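Observations on the three-dimensional arrangement
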Amino acid sequence: MDIDIRHIAKLSRLKIEDSELAGYEKEMSDIIAMVEAMPDISDELTVDPENAMKLRPDIIGETKITRDEILKNAPKIVAGCVVVPKTVD
Amino acid sequence: MKLYEYSACELSEMLRAKKISSRELTESVLDRAGEVDKKVNAYLRTDREMSLRMADRADKLIASGEAKSRLAGIPVGIKDNISTKGIATTCASRMLENYVPVFNATVIEKLESAGCVISGKLNLDEFAMGSSTENSYFVTTKNPYDLSCVPGGSSGGSAAAVACGEAVVALGSDTGGSIRQPASLCGVVGLKPTYGSVSRYGLVAFASSLDQIGPFGCTVKDVALLQDEIQGHDKMDATSADRKYASLLDNLNDNISGLKIGIPSEYFGEGIKPEVADAVMKSVKELEKRGAKVVPVSLPSTGYALSAYYIIACAEASSNLARFDGVKYGYHAQNCDGLIDMYEKTRSEGFGREVKRRIMLGTFVLSSGYFDAYYKKAKLLQKRIQQEFADAFNSVDAIITPTSPSEAFKIGERTSDPLAMYAADICTVTVNIAGLPGVSVPCGYSEIGLPYGMQIIGRKFDEQTILNLAYAHENAFGGFRRPEL
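Now for a look at the structure at hand. These numbers were taken from a predicted model, which means no experiment stands behind them. (Residues numbered from 1 in each chain as written. Chains lettered and ligands numbered in written order. Predicted model: local features only at pLDDT ≥ 70, side-chain atom pairs only at ≥ 80, totals over all residues. Heavy atoms only, no water.)

Of regular secondary structure, chain A possesses three helices and two strands. The globule rule puts the C-alpha radius of gyration for 89 residues at 12 Å, and the 23 Å found for chain A is more than 25% above it. Taking the principal axes of its C-alpha atoms as reference, chain A extends roughly 50 × 45 × 25 Å. For chain A, the proportion of its 89 residues judged to be buried stands at 21%. Accessible surface, chain A as shown: approximately 7,000 Å² in total, 54% of it carbon and sulfur. Of the charged side chains in chain A, 12 are positive and 19 negative; the average position of the first set lies 14 Å away from that of the second. (Helix = DSSP H or I, 4+ residues; strand = E, 2+ residues; numbered from the N terminus. Rg over C-alpha atoms; globule rule 2.2 N^0.38 Å. Buried < 20%, exposed > 50% of the residue type's maximum accessible area, 1.4 Å probe, protein only. Areas by Shrake-Rupley, 256 points an atom, 1.4 Å probe, with all protein chains shown as cover. Lys, Arg positive; Asp, Glu negative; His and termini not counted. Charge placed at Lys NZ, Arg CZ, Asp CG, Glu CD.)

This is how it looks when you write it as structure tokens:
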């Protein structure tokens, strides 16, 4: 199968250099060829009753983590906010 | 005998009898790391001052009689995809090179409450994606039995550190074999617990429906000791199982008389090195001599499991890793032309090749027009594999297979062929797909001394039976042998 690596990279928010294209195409095609051997199964997907997830109540919990601590890991901050490139002119 | 050479259970008794201090033990372990890690590269970072501070705290707890846990004072190595507050957690990726979590994973909270010492953060394949630790952005870990070979992966640092005595026990994570396969290649014991039995809160997510944190040790008892400490329900993980967890160590029993062991022929044929299959069957014979009954079982969909695994795991990874965008934390590319360019540059420069390929594969199988052909098919196959295991467990108590189809392979041998690398997980991925517990134990050595591993798979939440079998095997077979470095 031909895979449009550029399109998939765009959906994945990745930039693939021209020099890397052929390599990715070959590897992805090999993997897809392997997975295409999976059998067709006429069945429906159901939720596993043994593994039903319980959601937490939607209430704000107590935390000792401060805003300043969290922002320490942000690459760029101004006035207590993370900074992103301009999106609207 | 130096302190790092004792098992965690022996050290626990020595600490509580006040024959040794945690500071002495921690110094011994860190000195050992200082001596051998130049060769092995198991650790990404250690912090002697921090570890000794934790050791002093443990010594005070033990002296005052406040130490409740048998793990108090024991140094534990931590895979570097488990969040440690104030200690960099990089996932062996450039993307998180400078990331310092502001919170602890639940397992770390538990270890700290128990009075454990963190000996350092251990190497892995980037974001736990790989089977050799060669995908680490920082360094390739070496196999301590042969430095020209890989230690397995993705928890290669954890397995190698325990084998060398650079950590008494260690934590890893297992999405498709990432605890059991490196345990096998490094000749130690590694347990992948039942999905839901150990909280994943604070484990950097790769494939959330398959990921599970678990313990490494030199002995079965050490693995039971560490698993006792980390298992249990956690409200911070919605998939955590709310049930009673009995002590595995207290109930460890090597009387396996009457236990039925299933042998699936699908795990002993094509793709499995005959020497590995022979070593495993020799071990099974030992268990038979001790009273276990051997029964053939069939798991017919095994041959498709690797395909289903890579589709499900990559689909989840493509979604989980979307959070790395260069805005809130992590790597941030420079000189970008707008928001989209910033995302693309950040992710392309921050992620390594294997991670990018898996993100793209996941994006592809989830994309419009391909979802039914790949993702839905894989999920239906997962359901069938789960059913086949359930049927097998109607007639047996445990299933035994090789852990890895071969002993450790050479560094660089498989890096350019993803399918050859993926084949390393052929015996382990089914266990994650089915959400079962599995333990790898050393079961022999190749002609040049590389370890072979045997995998024992159990029913959901029946870690006890597989550890009992592992313990009986260890007592009959001799278990772990420290590599010479």
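Below, the discussion takes up the environment of Lys345 of chain B. Checked against the element boundaries, Lys345 of chain B lands in helix H10 (residues 339-350). Residue Lys345 of chain B is classed as partly exposed on the basis of its relative accessible area of 22%. Those residues in contact with Lys345 of chain B, other than ones at most four positions away along the chain, are Lys15 of chain A together with Ala333, Gln334, Asn335 and Cys336 of chain B. (Contact = heavy atoms within 4.5 Å.)

Glancing now at the interface of chain A and chain B. On the side of chain B, 55 residues touch chain A, which itself brings 46 residues to the contact. Taken together, the two surfaces of chain A and chain B that pack against each other cover about 4,900 Å², and 68% of this comes from carbon and sulfur. Looking at the side of chain A facing chain B, the largest losses of area belong to Arg13, Met38 and Asn73 of chain A, adding up to 14% of the total buried there. Joining chain A to chain B, the criterion identifies five salt bridges. The partner of Glu27 of chain A in a salt bridge is Arg353 of chain B, and the shortest N-O contact between them spans 2.8 Å. Counting across the interface, chain A meets chain B through 15 residue pairs in polar contact (both at pLDDT 80 or more). Of all the secondary structure elements, the ones that give two or more residues to the side of chain A that touches chain B are helix H1 (5-11), helix H2 (18-35) and helix H3 (67-71) of chain A. (Buried area = accessible area lost by both parts, 1.4 Å probe. Salt bridge = Lys/Arg side-chain N within 4 Å of Asp/Glu carboxyl O. Polar contact = N/O pair within 3.5 Å; in protein donor to acceptor, adjacent residues only side chain to side chain.)

Attention now moves to the sheet that holds strand S2 (residues 75-79) of chain B. All names here are of chain B. Taken together, the eleven strands give an open sheet; going across it, the order is S1-S3-S2-S4-S6-S5-S10-S11-S9-S7-S8, and neighbouring strands pair in mixed fashion. Sheet topology places strand S1 (43-45) and strand S8 (293-297) at the edges, where each strand pairs with a single neighbour. Adjacent strand axes in the sheet meet at a mean angle of 30°, parallel and antiparallel pairs treated alike. Here strand S5 (residues 189-192) pairs with strand S6 (residues 213-217) via two bridges, running antiparallel. Bridging across to S6, Gly190 finds its partner in Phe216. The strands that helix H15 (residues 463-477) touches are S5, strand S7 (260-264), strand S9 (398-402), strand S10 (438-445) and strand S11 (451-458); relative to S10, the one it contacts most, it runs at about 15°. (Pairing = 2+ DSSP bridges. Axes fitted to C-alpha atoms, helices over the stretch in contact; angles between N-to-C directions.)

Before going further, it helps to examine empty space enclosed by the protein. All names here are of chain B. The final tally for this structure, using the stated rule, is two cavities of 30 Å³ or more. Here the largest cavity defines a volume of roughly 70 Å³. Ala128, Gly130, Ser178, Tyr309 and Asp425 are, among the 14 residues lining the largest cavity, the residues nearest its centre. Here the residues of the lining of the largest cavity sort into five nonpolar, seven polar and two charged. The computed volume of the second largest cavity comes to approximately 40 Å³. (1 Å grid on protein atoms, 1.4 Å probe; cavity = no way out; pocket = protein on both sides within 12 Å on 5 of 7 lines; lining within 4 Å. Points joined across faces, edges and corners; volume = space filled by probe spheres on them. Nonpolar A, V, L, I, M, F, W, Y, C, P; charged D, E, K, R; others polar.)

It is worth spelling out the pattern of salt bridges at this point. The full count for this structure, using the stated rule, is 25 salt bridges over all chains. Linking Asp237 of chain B and Arg200 of chain B is a salt bridge whose minimum nitrogen-to-oxygen distance equals 3.6 Å. With Asp237 of chain B in the loop between helix H7 (220-230) and S7 and Arg200 of chain B in the loop between S5 and S6, this pair connects stretches of sequence that are 37 residues apart. For Asp237 of chain B, a relative accessible area of 7% corresponds to the buried category. For Arg200 of chain B, a relative accessible area of 15% translates into the label buried. Salt bridges sharing partners connect three or more residues here, namely Glu27 of chain A together with Arg353, Glu354, Arg357 and Arg358 of chain B.

Moving on: the packing of H2 of chain A against helix H11 (residues 353-366) of chain B. Orientation of H2 of chain A relative to H11 of chain B, taken along the N-to-C sense of each, is 55°, at an axis distance of 11 Å. The pairing of H2 of chain A with H11 of chain B is recorded here as oblique in orientation. The two elements H2 of chain A and H11 of chain B meet at a crossing, and its hand is right-handed. Where H2 of chain A approaches H11 of chain B, its residues Gly23, Tyr24, Glu27, Met28, Ile31 and Ile32 of chain A are matched on the opposing element by Arg353, Lys356, Arg357, Met360, Leu361 and Phe364 of chain B. Grouping the amino acids of the contact of H2 of chain A with H11 of chain B by side-chain chemistry returns seven nonpolar, one polar and four charged. (Parallel < 35°, antiparallel > 145°, perpendicular 65-115°, else oblique. Left-handed = near helix turned anticlockwise from the far one by under 90°.)

Quick look at helix H9 (residues 302-320) of chain B now. Here H9 of chain B is 19 residues long and its end C-alpha atoms lie 27 Å apart, about the 27 Å a rise of 1.5 Å per residue gives. The buried fraction of H9 of chain B is high, at 16 of 19 residues. (Expected span 1.5 Å × (residues − 1).)

Before going further, it helps to examine unusual backbone geometry. Of all residues except glycine, most have a negative phi; of all peptide bonds, most are trans. In the segment running from Gly153 of chain B into Ser154 of chain B, the intervening peptide bond is cis, with an omega of 15°. Phi is positive for Arg13 of chain A, which is not a glycine, with a value near 55°. Within the fold, Arg13 of chain A resides in the loop between H1 and H2. In the Ramachandran plot, Cys91 of chain B falls in the positive-phi region, its phi being about 55° despite a non-glycine side chain. Following the sequence through the fold, Cys91 of chain B ends up in the loop between S2 and helix H4 (106-114). Since its relative accessible area comes to 0%, Cys91 of chain B is described here as buried.

Once that is clear, we can look at the side chain of Thr133 of chain B. All names here are of chain B. Mapped onto the elements, Thr133 comes out in the loop between strand S3 (117-122) and helix H5 (156-164). When its relative accessible area of 0% is taken as the criterion, Thr133 is described as buried. At 3.5 Å, the side chain of Thr133 and the backbone nitrogen of Gly156 are in polar contact. Residue contacts for Thr133: discarding those within four places in its chain leaves Asn123, Leu124, Asp125, Val139, Thr140, Thr141, Pro151, Gly152, Gly153, Ser154, Gly156 and Gly157.

Turning our eyes to something else, we now look at the layout of surface pockets. Rolled over the atoms, a probe as big as a water molecule pinpoints where empty space is left. Residue and element names in this part refer to chain B. Here the second largest pocket is characterised by a volume of approximately 290 Å³. Residue lining of the second largest pocket: 15 residues in total, with Gly269, Glu270, Gly271, Ile272 and Ile426 positioned closest to the centre. Within the lining of the second largest pocket, the residues separate by chemical class into seven nonpolar, five polar and three charged.

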